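Below are the chains, spelled out letter by letter.
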Amino acid sequence: MFAELSITSNFTFLTGASHPEEFMQRAASVGLPAIAIADDNSVAGIVRAHTQAREIARAVRERQAFDAANGLIGPPAPDPAPPAPLLSAMPRLIPAARLVFTDAPPVTALVQSRRGWALLCRLLSRGRLRADKGSCLLHLADLMESGAEGLHLALHGPPEAQASPPGAGTWATAAQRLTRRFGGQMSLLMTPAYDGADAARFDHLAGLAAELGLPTLASAAPLMHAGPRRRLADVLSAIREGTTVERLGALAQPNGERRLRSEAEMRRLFRGHEEAVSRAGALAAACSFSLDALRYEYPSEIAEGETPAGRLARLAHQGLRWRYPDGAPDKVRAMLEHELRLISKLKYEPYFLTVRDIVAFARERNILCQGRGSAANSVVCFCLGVTSVSPEIGTMVFERFVSEARDEPPDIDVDFEHERREEVIQHIYERYGRHRAGLCATVIHYRGKRAIREVGSAMGLSQDTIGAMSSQLWGFWGADGLQDQRLREIGLDPQDPQIRLTLSLMQEIIGFPRHLSQHVGGFIVTEGRLDELVPIENASMEDRTVICWDKDDIDSLGILKVDVLSLGMLTCIRKAFDLLQQHKGQEWQLATLPPEDSAVYDMLCRADTIGVFQVESRAQMNFLPRMKPRCFYDLVIEVAIIRPGPIQGDMVHPYIRRRNGEEKVQFPSDALGEVLGKTLGVPLFQEQAMQIAIVGAGFSPEEADRLRRALATFKKNGNVSEFRSRFMRGMKKNGYDEEFSERCFSQIEGFGSYGFPESHAASFALLVYASAWIKCHHPGIFACALLNSQPMGFYAPAQIVRDAREHGVVVRPVCIQSSYWDNVMEPDGRGGLALRLGFRQIKGLAEEDAGWITAARGNGYRSVRDVWRRAGLTAPVLARLAEADCFAELMRRREALWEAKALTAARPLPLFEGDLDGEAIDEPAASLPAMTLGEEVVEDYVALRLTLRAHPMALLRDRLTPRDPVAGLRVTSVPVPSRT
């Protein structure tokens, strides 16, 4: 049989015109037993093809079972529905890569064994680590040095006119070098050009193979899974070359023949050389390696002879005594032992130990962190210090996340202070080495606006037209495309052939990979060499290395990862804790804050939440007075319910009506009542969606896990609707009426846009409570910490300052005598604390300059020239300080600015204060008029983006107050609120 061994997918970016999954589906439909995805110096797309092959195999098995149940054995099953499309084969994926050298012809490396996979990954890593992000520099010497054990090398035939890379010599010279070194592991790849001269070309290639002593292999060298993708292939080439399709010339595809072909088509193309077709199938059969054979070994994380299970148990029990100094409740102890037994059974101890060690490093450095994720909100993680959410608070069941039924790795995300996360990342690199640790990739796909911009340019549309089309596209995905009416509104004819073709290609390219980027923090750490598991390459950011697989690929292969993420609110809370210890002598941690403080919940019910984590948006502020949270679990629901998923699934209003007693809470069955009882019968969490599918519709754990993956946030191919018929049949079989089943699935389908897990909501709810507690009891310290953690959140510094003053906080301006870089708290003279604004609030001022000001200040400055002389600041910096009115204690703003402008030298000479030529201009004192209040306010906003003087509307209120049309008097009967 024939197997295609040299496919170029769209992970050879802007070249291949079909997804790896599409090639696998096409191979199944035409009956190919195996295919090899061989992208240029990359294996980034093969996991997707491998996953699709597993799905096809599962579908074929379901089809066979269905056929057996509906005719071959016994009577037809009730309500028959084919579980899968008709497929003629279950193709295997042969992992491969096309090695493109700087000094030799390309070679397709086909993996035959685990050893071959390790060599291929290390070879690709070598080429990518010596190049910039996205590039690979491979030399023939790299292959010669590494060897090719476990690989079969398919040498590409010579290009037309013997063209070779610069300095590469002739094709024959490189081919002879390769043959002498790897002759027994090589073949010569024969590919058609579809130009009418293929027969002569194949005869010529067969002669070259005979001279080299190599067998021949046949390949269609497909760029696309089907011929209609030819137009998109040309568009991709035009984007890659920075030109238009009209000007592509010889780079355009002459026809749609470079597609995946069946065995019959290949034998017809290679008539007279059928042995090359058969040889490809035989070689595929000899390539037995599968990605399923990858055995990921997590770091053991042990020392001094201690086993991972022993170390985890020891640390967990130590943490239990730390968390419960007066003794842990029996329920918590029982939960801990149960979790430890399950973790031990599944051999996940090293994973929990790695997360614990990373968190311990952060705690040693006083970096605040908080774990979340499916396995984070457990007793084990609470005792290890990974999370501060007490296990008594949550209602999660550990088996939902670490389960024998779903053989998948646990998930723990750890959020760190956003200003200090890089310290944690570099610690991981230093501890494990870059050969054992790397960040996951993120595949950047084409979405609406990028598709319009790049496809429109390739099709020759003007930039004005592209901009107008882009302005009509709303939403992140752009799945609905551009409607005809919107096109007419911007002056385009939707029936114009050029416009219609362009729009069709835009829709076709949606979802195509554009390039690889780095994941926000997903780390892969291995016991052995990571570069023997997956290739490593440089990231665009200095001192970062990444792998080429994204988090979905990692999940598909069952590889554990640790998400090291950043969160601005953790920076704010840690700085607030430091200020509380400094000024109040209070030492707090997330887990030790006073629980269930009624004053905090009163503040939340008033929607007084500017700056509070997660509940500061207008939607949350509108919802809080209706929700009226009075306990921690109310905050868990609050975090989860105002999300696109629950809103789209129409879950918000039913929940509020039931919470307020306006609608009766009832459950169609006791089983579903156990699942939905805590949320009043409304599914709000991903876990509940899974449980409804299992309990109500009879899904297996595997099917529920597939549903969970489809519910994942912004999944590229997440399609919940494909489960509808299966769900409806299962609900009907279990006795639920169709209307209820439709409503349940509609709610579940809402999670397709965004569903929030309960474990994540619980972790975020703790930060909601912590930030609200600080704001409620220490509004000045909260505002100070929030300002020092910018940029973050919804609100600008001006709004944060105004809110603090409305809570009674005394806010003082930036002052050359008293301010530091950060905002600080200082005595207000009445036994309290005032907030002193820092130099960081001045637009365009560098932290280094602020450091020189504070270092040279001593007992205070006497003038602008004194600052210039002692701190060594340049005249432009002094002018910026003067514009911000930092010299208000010494002189007025205009006088300070006048004095700063008189300084012309870069710096004063030593031992002199500025009385020499060139250092300063001595001028008589100028009599400058004082600024009006309006001018002061305007200058404050220009320099600081906020003002402490007056709200801008206060200057206009007199003009905006309506007049009596008869008497001409102002109407002042309605007072204007201070917030306005």
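Because the structure is a prediction, the values reported are computed rather than measured.

The helix and strand inventory of the chain stands at 39 helices and 17 strands. Expressed as a percentage of the 980 residues in the chain, the buried residues total 54%. Within the chain, contacts between residues at least 6 apart in sequence are counted, and of these 73% link residues at least 24 apart.

A few words now on the packing of helix H22 (residues 618–627) against helix H25 (residues 652–659). The geometry of H22 relative to H25 is characterised by a closest axis approach of 10 Å and an angle of 25° between their N-to-C directions. As summarised for this structure, H22 and H25 are arranged roughly parallel, according to the angle between their axes. Here Phe623, Arg626 and Met627 of H22 lie close against H25, whose contacting residues are Val652, His653, Tyr655, Ile656 and Arg659. For the contact of H22 with H25, the residue count by class is five nonpolar, one polar and two charged.

Before going further, it helps to examine the pattern of salt bridges. Within this structure, the stated rule accounts for 58 salt bridges. One salt bridge connects Asp40 with Arg98, and the closest N-O pair in it is separated by 2.7 Å. With a gap of 58 residues between them, Asp40 in the loop between strand E2 (34–37) and helix H2 (46–72) and Arg98 in strand E3 (residues 92–99) connect regions that are remote in the sequence. You can call Asp40 partly exposed: its relative accessible area is 31%. Of the charged contacts, one joins Arg126 and Glu145 as a salt bridge, the two residues approaching to 3.5 Å between their closest N and O atoms. Remark: Glu145 occurs in helix H4 (residues 140–146) and Arg126 occurs in helix H3 (residues 114–129); sequence separation between them is 19 residues. Assessed through its relative accessible area of 59%, Glu145 is described here as exposed.

A word on helix H21 (residues 598–605). Those residues of H21 that sit buried are Val600, Tyr601, Met603, Leu604 and Cys605. Its buried side turned inward, H21 meets H22, helix H23 (632–641) and helix H31 (758–777). For H21, the side-chain oxygen to backbone nitrogen distance between the N-cap and Ala599 is 2.9 Å, and the N-cap itself is Asp597. Ala607, located one to two residues past H21, shows a positive phi value of around 60°.

What follows is about the sheet that holds strand E1 (residues 4–7). Within the open sheet, the seven strands sit side by side as E1-E2-E3-E4-E5-E6-E7. Their pairing is mixed. Looking at which strands have only one partner, the edges of the open sheet turn out to be E1 and strand E7 (216–218). Going across the sheet, the axis of each strand differs from the next one's by a mean of 30°, ignoring polarity. Sheet topology places E1 next to E2; two bridges connect them, and they run parallel. Residue pairing in the sheet places Ile7 in a bridge with Ile37 of E2. The sheet strands contacting H3 are E3, strand E4 (107–111) and strand E5 (151–156), and the helix crosses E3 at an angle near 35°.

Of all residues in the chain, 87% have pLDDT values of 70 or greater, and the mean over the chain is 85. Here residues 713–718 is modelled with pLDDT under 50, and outside its nearest four sequence neighbours on either side it reaches 15 contacts, counting other chains as well.

As enumerated under the stated definition, the model contains 14 aromatic pairs in all. An angle of 65° between the planes, with centres 6.1 Å apart, marks the rings of Tyr324 and Phe382 as edge-to-face. Here Tyr324, found in the loop between helix H10 (308–323) and helix H11 (330–346), pairs with Phe382, found in helix H13 (residues 379–384); they are 58 residues apart in sequence, far enough to count as distant. Note on accessibility: Tyr324 and Phe382 belong to one class, buried. Judged by centre distance (6.0 Å) and plane angle (40°), the rings of Tyr601 and Tyr769 are tilted. On the criterion of sequence distance, the pair formed by Tyr601 in helix H21 and Tyr769 in helix H31 is long-range, its members being 168 residues apart. Just as Tyr601 is buried, Tyr769 falls in that class too.

What follows deals with the state of the cysteines. Under the counting rule described, the total for this entry stands at zero disulfides. The cysteine Cys548 is free of any disulfide, with Cys121 supplying the nearest cysteine sulfur at 7.5 Å. Its relative accessible area of 4% is what places Cys548 among the buried residues. Of all cysteine sulfurs in the structure, the one in Cys815 sits closest to Cys886, which takes part in no disulfide; the separation is 7.8 Å.

Right, let's get into a nonpolar patch on the surface. Among the surface-exposed residues, Leu933, Met953, Leu955, Leu956 and Leu960 lie close enough to one another that they form a single nonpolar patch of about 420 Å² accessible area. Per-element tally for the nonpolar patch: the top contributor is helix H39 (residues 952–960), with four residues. Note on placement: Leu933 falls in helix H38 (residues 933–944). Classification of Leu933 as partly exposed rests on a relative accessible area of 45%.

Along the chain, Lys775 turns up in helix H31. Polar side-chain contacts of Lys775 include one of 3.3 Å to the backbone oxygen of Ile610. Excluding residues that lie within four positions of it along the chain, Lys775 makes contacts with Met603, Asp608, Thr609, Ile610, Val612, Phe782, Asp803 and His807.

Our focus in this paragraph is the sheet that holds strand E14 (residues 562–567). The strand order across the open sheet built from seven strands is E8-E9-E14-E11-E10-E13-E12, with neighbouring strands paired in mixed fashion. If you trace the sheet from one side to the other, it starts and ends with strand E8 (369–372) and strand E12 (536–538), each paired once. Each neighbouring strand pair of the sheet contributes to a mean axis angle of 45°, computed without reference to strand direction. The pairing of E12 with strand E13 (residues 545–550) spans three bridges and is antiparallel. The residue bridging Ile536 from the neighbouring strand is Ile547, located in E13. Packed onto the sheet, H3 meets E12 and E13 and runs at close to 5° relative to E12. Relative to strand E11 (residues 513–525), helix H14 (residues 421–432) is tilted by about 75°, and along the sheet it contacts strand E9 (413–417), strand E10 (437–445), E11, E13 and E14.

The end-to-end C-alpha distance of H14 is 17 Å, a good match for the 16 Å that 12 residues give at a rise of 1.5 Å each. Every buried residue belonging to H14 is among Arg421, Val424, Ile425, Gln426, His427, Ile428, Tyr429 and Tyr432, and all of these are buried. Of the surrounding elements, those touching the buried residues of H14 are helix H12 (349–364), E9, E10, E11, E13 and E14. Just past H14, the residue Gly433 takes up positive phi, approximately 85°.

What follows covers the packing of helix H7 (residues 230–241) against helix H18 (residues 497–509). Direction vectors running N to C along H7 and H18 enclose 85°, while the axes themselves pass 10 Å from each other. Looking at the two axes, H7 sits roughly perpendicular to H18. For the pair H7 and H18, the contacting residues are Arg231, Leu232, Val235, Leu236 and Ile239 in the first and Leu501, Ser504, Leu505, Glu508 and Ile509 in the second. Looking at side-chain class alone, the contact of H7 with H18 contains seven nonpolar, one polar and two charged residues.

This part takes up unusual backbone geometry. Between Gln790 and Pro791 the backbone carries a cis peptide bond, its omega angle lying at 5°. Take Pro791: it is sitting in the loop between helix H32 (779–788) and helix H33 (797–806). We note that Lys628 has phi near 50°; this positive angle belongs to a residue other than glycine. Here Lys628 shows up in the loop between H22 and H23. Of note, Arg945 is a non-glycine position whose phi angle comes to about 65°, a positive value. Tracing the backbone through its elements, the reader meets Arg945 in the loop between H38 and H39.

On the secondary structure map, Arg48 appears in helix H2. Here the alpha-carbon distance between Arg48 and Trp549, two residues 501 residues apart in the chain, equals 9.7 Å.

The element E4 is largely enclosed, with a buried count of five among its five residues. Across the two faces of E4 the burial is the same, with Val107, Ala109 and Val111 and Thr108 and Leu110 all buried. The pairing of E3 with E4 spans four bridges and is antiparallel. Paired with Ala96 across the bridge in E4 is Leu110. Pairing between E4 and E5: five bridges, direction antiparallel. In the strand pairing of E5, Ala109 is matched with Leu153.

Calculation rules
- Residues numbered from 1 in each chain as written.
- Predicted model: local features only at pLDDT ≥ 70, side-chain atom pairs only at ≥ 80, totals over all residues.
- Heavy atoms only, no water.
- Helix = DSSP H or I, 4+ residues; strand = E, 2+ residues; numbered from the N terminus.
- Buried < 20%, exposed > 50% of the residue type's maximum accessible area, 1.4 Å probe, protein only.
- Contact = heavy atoms within 4.5 Å.
- Axes fitted to C-alpha atoms, helices over the stretch in contact; angles between N-to-C directions.
- Parallel < 35°, antiparallel > 145°, perpendicular 65-115°, else oblique.
- Nonpolar A, V, L, I, M, F, W, Y, C, P; charged D, E, K, R; others polar.
- Salt bridge = Lys/Arg side-chain N within 4 Å of Asp/Glu carboxyl O.
- Polar contact = N/O pair within 3.5 Å; in protein donor to acceptor, adjacent residues only side chain to side chain.
- Pairing = 2+ DSSP bridges.
- pLDDT = per-residue confidence, 0-100.
- Phe/Tyr/Trp six-rings, centres within 6.5 Å; stacked < 30°, edge-to-face > 60°.
- Disulfide = S-S within 2.5 Å.
- Patch = residues over 30% accessible without salt bridge, like charges linked within 9 Å, V, L, I, M, F, W, Y side chains within 5 Å.
- Areas by Shrake-Rupley, 256 points an atom, 1.4 Å probe, with all protein chains shown as cover.
- Expected span 1.5 Å × (residues − 1).

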